[in-house]
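Structure assessment
What follows is each chain in one-letter form.
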Amino acid sequence: MAMLQVAPESVILRDTIRTRAIRLTNPETIKQNNSISVNLVEFDDVSYRLTASAGEPNKLLVSLALPPQEKREPMSKAATELVQREFSSVATMQPPDAGFTVALEIKLDALPMDDDAALNQMINKLASLRSLVMGAPLRTQLELLANGSCKEGPLIAIPHRPGEEFFVKPQEDSVTVIFPMRFKDPSDATISCTFLAEFAEARRQPALTTAPSCSYSKPPPLELRGGPPTALGANGGGYVSFVLFKRHVTGKGRLEQSTWRLSTFYGFVNYHIKCSKAYMHTRMRKRTQGLLQVLNRAKPDVVKEKKKADGRTFVRNS
């Protein structure tokens with residue numbers, strides 16, 4: 001079974017930006033940029049709202065809502081600085097409505113329409129707003145690692161979903177990311193133990209020798225010693241730890257890929273657990289159908305009675 005690889009771009013957001021920007025280049029199609037209000041929901045309880053007005057066809061307001069958390073701030077400083085740095089030339093941040101984390105007003109006429117490569121790159125960045133905002137705390141630590149300025153520090157808790165968070169432990173030459181695996185369904189916890197053990201074992205394959213070190217353990221790792229109570233409540237699912245070095249976050253696209261894949265690791269595991277359960281249910285149904293066919297063939301033939309002309313019945317012995 002192939003592993004899930006979800007791209008950081010929101011397909012609907014990307015296509016909406018591209019379509020409305022292309023319409024601005026032609027006076028005949030600019031009128032097609034009518035008013036819209038679109039609500040989107042993605043995995044990990046992330047939602048978008050896209051709004052635009054026919055009176056301002058060159059603008060598109062994108063509002064992003066992250067999962068609510070008791071400890072989550074409306075918008076972290078790291079995320080604000082990252083969004084402003086990446087999109088200052090084509091968008092401006094607006095005060096978000098209630099229930100949303102960030103609102104970004106995109107100036108469609110500021111996109112580089114004369115350069116296809118630059119246009120695609122900027123649209124993909126805009127469509128990856130979720131990755132920038134949600135992964136900002138983790139990306140900050142990985143950027144320090146890439147720049148060689150990472151220092152040993154305290155354990156950092158990063159909220160993910162309600163009642164779910166992972167932890168980052170910076171060292172002088174590495175960053176350790178720890179995921180406590182919590183499951184409400186005991187069967188999910190059982191399947192995850194096998195899946196995660198195989199996942200950590202796959203690191204020993206020759207083709208993956210340069211990948212980040214991965215380990216899986218039932219007891220909490222040493223990095224969580226002295227951490228908050230939420231760090232120790234894995235509920236039987238165990239703990240997965242990744243150790244990243246400078247080589248894992250330097251180079252073309254490595255920082256962005258590492259941030260995105262670690263930020264969505266919970267979704268990655270939940271997807272494969274659901275796939276495993278669906279596969280086992282399918283196999284059990286097929287097995288049950290096969291057993292029913294065997295039982296049906298084992299039934300004795302029903303002896304039919306025949307009647308004589310006078311109404312009496314008889315059974316013919318073979």
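Higher on the page you've got the structure.
Predicted model only: the values in this text are computed from it and were never measured. (Residues numbered from 1 in each chain as written. Predicted model: local features only at pLDDT ≥ 70, side-chain atom pairs only at ≥ 80, totals over all residues. Heavy atoms only, no water.)

Let's shift gears to the packing of aromatic side chains. All told, the structure shown has eight aromatic pairs when counted by the stated rule. Judged by centre distance (6.1 Å) and plane angle (85°), the ring pair of F179 and F242 falls under edge-to-face. Here F179 is found in strand 8 (residues 175-180), whereas its partner F242 is found in strand 10 (residues 239-244), with 63 residues between them in sequence. Taking the relative accessible area as the measure of exposure, F179 reaches 0% and is therefore buried. For the ring pair F179 and F265, a centre distance of 4.8 Å and an interplane angle of 45° mean the geometry is tilted. Of the two residues, F179 sits in strand 8 while F265 sits in helix 8 (residues 265-298), which places them 86 residues apart along the sequence. As far as the burial class goes, F179 and F265 line up, both buried. (Phe/Tyr/Trp six-rings, centres within 6.5 Å; stacked < 30°, edge-to-face > 60°. Helix = DSSP H or I, 4+ residues; strand = E, 2+ residues; numbered from the N terminus. Buried < 20%, exposed > 50% of the residue type's maximum accessible area, 1.4 Å probe, protein only.)

Below, the discussion takes up the environment of K252. Checked against the element boundaries, K252 lands in the loop between strand 10 and helix 7 (254-263). Relative accessible area serves as the criterion here: at 85%, K252 is assigned to the exposed category. For the pair K252 and I17, spaced 235 residues apart in sequence, the C-alpha to C-alpha distance is 25 Å.

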